[in-house]
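Next come the chains, spelled out residue by residue.
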Amino acid sequence: MDEDEVKRHFALIQKSHELESKPVAPDALDRARRILSGSLSASDAEAELADALLRIALREKQARDGSA
């Protein structure tokens, strides 16, 4: 995908979320840009997401257990 295509697809992602009134975390936008540009593979993106979800789960567990 060339740079213009990456920009168009990225703009579509941003606008879609904006129209749905759904905020997008900066790290998610960065990940989308890297996937579109080819600098991040699907498996590496999956690993990043798994790591992010694990951190969220640990924070929630700490908050629930009063360990925060």
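The following refers to the structure shown. Being a predicted model, the structure only gives us computed values, none of them experimental.

## Quick look at the overall build of the protein chain
And then number 1: In terms of regular secondary structure, the protein chain is built from three helices and zero strands.
And then number 2: From first element to last, N terminus to C terminus, the protein chain shows the α and β order α-α-α.
And then number 3: Dimensions of the protein chain along its principal axes, counting C-alpha atoms only, are 50 × 30 × 10 Å.
And then number 4: Out of the 68 residues in the protein chain, the part that is buried amounts to 13%.
And then number 5: Here the protein chain has roughly 5400 Å² of accessible surface; of this, 55% comes from carbon and sulfur atoms.
And then number 6: Here the protein chain holds 11 positive side-chain charges and 14 negative ones, and the gap between their average locations is 5 Å.

## Comments concerning helix α1 (residues 3–19)
And then number 1: Between its first and last C-alpha atoms α1 spans 24 Å; for 17 residues at 1.5 Å apiece the expected length is 24 Å, and the two agree.
And then number 2: Immediately downstream of α1, the backbone of Ser 21 shows phi near 55 degrees, a positive value.

## Things to note about the pattern of salt bridges
And then number 1: This model, assessed by the stated rule, comprises eight salt bridges.
And then number 2: For Arg 34, the salt bridge goes to Asp 30, with nearest N and O atoms at 2.9 Å. Here Arg 34 pairs with Asp 30, and both are found in helix α2 (residues 26–37), just four residues apart, close to one helical turn.
And then number 3: Taking relative accessible area as the criterion, Asp 30 reaches 37% and is therefore assigned partly exposed.
And then number 4: Between Arg 31 and Glu 48 there is a salt bridge whose closest N-O contact spans 2.8 Å. Of this pair, Arg 31 sits in helix α2 while Glu 48 sits in helix α3 (residues 42–65); the two residues are 17 residues apart in sequence, bridging distant segments of the chain.
And then number 5: Look at Glu 48 and you get partly exposed, because its relative accessible area is 24%.

Conventions we followed
Residues numbered from 1 in each chain as written. Predicted model: local features only at pLDDT ≥ 70, side-chain atom pairs only at ≥ 80, totals over all residues. Heavy atoms only, no water. Helix = DSSP H or I, 4+ residues; strand = E, 2+ residues; numbered from the N terminus. Buried < 20%, exposed > 50% of the residue type's maximum accessible area, 1.4 Å probe, protein only. Areas by Shrake-Rupley, 256 points an atom, 1.4 Å probe, with all protein chains shown as cover. Lys, Arg positive; Asp, Glu negative; His and termini not counted. Charge placed at Lys NZ, Arg CZ, Asp CG, Glu CD. Expected span 1.5 Å × (residues − 1). Salt bridge = Lys/Arg side-chain N within 4 Å of Asp/Glu carboxyl O.

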